[in-house]
Amino acid sequence: FDKYKEYSFDDPTRNYDPETFQAFEGTLNRDGEATVPMNLDAAGKAPGMLRATFMTRVFEQGGSYSSDQFTIPYSPYTRYVGVKIPKGDKTRGMLLVDADHNVEIALVDEAGNPVSGENKVTVEFYKLEWRWWWDQSAGNVSSYNSRYYQEKLSSSSVTLNNGKGNWKMRVNSPDWGRYLVRVCDQSGHCSGKIFYLDYPGWQNRDQSETPGGATMLTFSADKAKYEVGETVKLTIPTGGQGRALVSIETGSRVLETKWVPVTG
């Protein structure tokens with residue numbers, strides 16, 4: 001929504017797979033028109049607002065046809081809840097432990113207008129714990145994959161006034177790591193944001209504290225976000241001479257792996 005660009009209105013815990021189905025097949029009337037009944041129901045499954053793509057094909061009796069395709073927004077819910085996490089540091093967008101943080105919440109209708117009056121939403125707070133394993137890909141290349149499970153820390157009800165509200169968050173040391181705030185509305189829509197909490201001197205943390213022990217490296221990038229075609233510069237802590245195995249991955253597959261020579 002244009003007025004809430006800093007808010008997240010998508011639920012990272014819901015996976016929605018697009019589906020294609022035939023909505024109508026029939027004969028046009030004398031005026032060359034047809035009414036197409038449409039029954040779409042993605043409430044409770046969709047992470048947020050969706051797009052519906054319609055493909056039409058009209059055949060003449062001689063066999064030739066005309067086709068068209070267009071896309072329109074599709075709203076699975078009557079209203080949407082958004083969550084805004086405070087901005088972290090410039091390097092990683094990281095928030096600090098042992099400090100209070102204000103999470104802003106917004107509730108809007110399908111057009112993006114604030115919902116008037118008092119409305120209650122549920123705020124859930126999770127710690128994301130890492131789990132690691134080796135995986136053998138189809139290309140006979142072993143890659144080190146990671147996933148996480150969610151441990152719910154708290155659940156509370158927050159009252160919004162005219163589409164606005166906030167929720168206070170605090171994590172004390174030594175519980176640094178990845179966290180998730182998830183907000184759900186009575187309409188069935190939920191949104192969430194994954195973020196990182198750490199110490200101010202995170203670069204000096206003992207590597208034995210990281211998930212996976214010595215198998216994990218704490219490295220940093222020169223920017224928090226990159227455009228396509230830009231060069232990414234990483235600073236990786238290494239001990240003496242050797243090689244580092246660097247893999248470039250998406251959320252579903254490994255794009256490239258290569259060995260990089262390193263120095264102390």
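Not measured: the values here are computed from a predicted model. (Residues numbered from 1 in each chain as written. Predicted model: local features only at pLDDT ≥ 70, side-chain atom pairs only at ≥ 80, totals over all residues. Heavy atoms only, no water.)

**What about the overall build of the chain?**
- A tally of helices and strands in the chain yields zero helices and 14 strands.
- Each helix (α) and strand (β) of the chain, taken in turn from the N terminus, gives the series β-β-β-β-β-β-β-β-β-β-β-β-β-β.
- Counting all 264 residues of the chain, 28% fall into the buried class.
- Across the chain, contacts joining residues at least 24 apart in sequence account for 61% of those joining residues at least 6 apart.
- Roughly 17900 Å² of accessible area belongs to the chain as shown, and the carbon and sulfur atoms make up 47% of that amount. (Helix = DSSP H or I, 4+ residues; strand = E, 2+ residues; numbered from the N terminus. Buried < 20%, exposed > 50% of the residue type's maximum accessible area, 1.4 Å probe, protein only. Contact = heavy atoms within 4.5 Å. Areas by Shrake-Rupley, 256 points an atom, 1.4 Å probe, with all protein chains shown as cover.)

**A few points about the pairing of strand β3 (residues 79-84)**
- Among the six residues of β3, five are classified as buried, and the element is accordingly described as predominantly covered.
- Strand direction decides the pairing type here: β3 and strand β5 (residues 100-109), joined by six bridges, are antiparallel. Of the residues in β5, the one forming a bridge with G82 is A106. (Pairing = 2+ DSSP bridges.)

**Details of a nonpolar patch on the surface**
- Taken together, the side chains of F21, F24, V36, M38 and L40 present a nonpolar region at the surface, about 400 Å² in accessible area.
- Residue position: F21 is located in the segment before β1 (50-59). (Patch = residues over 30% accessible without salt bridge, like charges linked within 9 Å, V, L, I, M, F, W, Y side chains within 5 Å. Salt bridge = Lys/Arg side-chain N within 4 Å of Asp/Glu carboxyl O.)

**Describing the packing of aromatic side chains**
- Counting across every chain of the model gives 12 aromatic pairs.
- With centroids separated by 6.2 Å and ring planes inclined at 80°, the aromatic side chains of Y4 and F9 adopt a geometry described as edge-to-face.
- We classify F9 as buried; its relative accessible area is 10%.
- Here the aromatic rings of F59 and Y65 are separated by 5.2 Å at their centres, their planes lie at 45°, and the arrangement is tilted.
- Judged by relative accessible area, F59 falls into the exposed class, the value being 52%.
- Counting every residue linked through ring pairs, the aromatic cluster contains F1, Y4, Y7, F9, Y77 and Y80.
- When the ring centre of W259 is taken as origin, the NZ or CZ atom of R243, which lies over that ring, is 4.3 Å away. (Phe/Tyr/Trp six-rings, centres within 6.5 Å; stacked < 30°, edge-to-face > 60°. Lys NZ or Arg CZ within 6 Å of the ring centre and 35° of its normal.)

**Some remarks on the layout of surface pockets**
- Quantified by volume, the second largest pocket comes out at close to 1500 Å³.
- The wall of the second largest pocket is formed by 35 residues, among which F21, A23, F54, M55 and T56 lie closest to the centre.
- Listed by contribution, the elements that provide at least two residues to the lining of the second largest pocket are β1 and β2 (65-74). (1 Å grid on protein atoms, 1.4 Å probe; cavity = no way out; pocket = protein on both sides within 12 Å on 5 of 7 lines; lining within 4 Å. Points joined across faces, edges and corners; volume = space filled by probe spheres on them.)

**Topic: the pattern of salt bridges**
- All told, the structure shown has nine salt bridges when counted by the stated rule.
- Among the salt bridges present, the one from D11 reaches R182, with a minimum N-O distance of 2.8 Å. In this pair, D11 is assigned in the segment before β1 and R182 in strand β9 (residues 177-184), connecting sequence segments 171 residues apart. We note that D11, like R182, is buried.
- Across the salt bridge formed by E230 and K223, the nearest N and O atoms sit 3.1 Å from each other.
- Here K223 falls in the partly exposed class, since its relative accessible area comes to 35%.
- Salt bridges here are not isolated pairs; linked through shared partners, they connect D11, R14, E124, K152 and R182.

**What about the side chain of D11?**
- In this structure D11 comes out as buried when scored by relative accessible area, which is 2%.
- Setting aside chain neighbours within four positions, we find D11 in contact with P47, R182, C190, S191 and G192.

**Observations regarding unusual backbone geometry**
- A cis amide bond, omega 10°, links S173 with the succeeding residue P174.
- Relative to the assigned elements, P174 resides in the loop between β8 (164-170) and β9.
- Positioned with a positive phi, D98 is a non-glycine residue whose angle comes to about 60°.
- Checked against the element boundaries, D98 lands in the loop between β4 (95-96) and β5.
- Among the residues examined, D98 registers a relative accessible area of 37% and is labelled partly exposed.
- The phi angle at N162 is positive, at roughly 55°, despite the residue not being glycine.
- Locating N162 in the fold gives a position in the loop between β7 (142-161) and β8.

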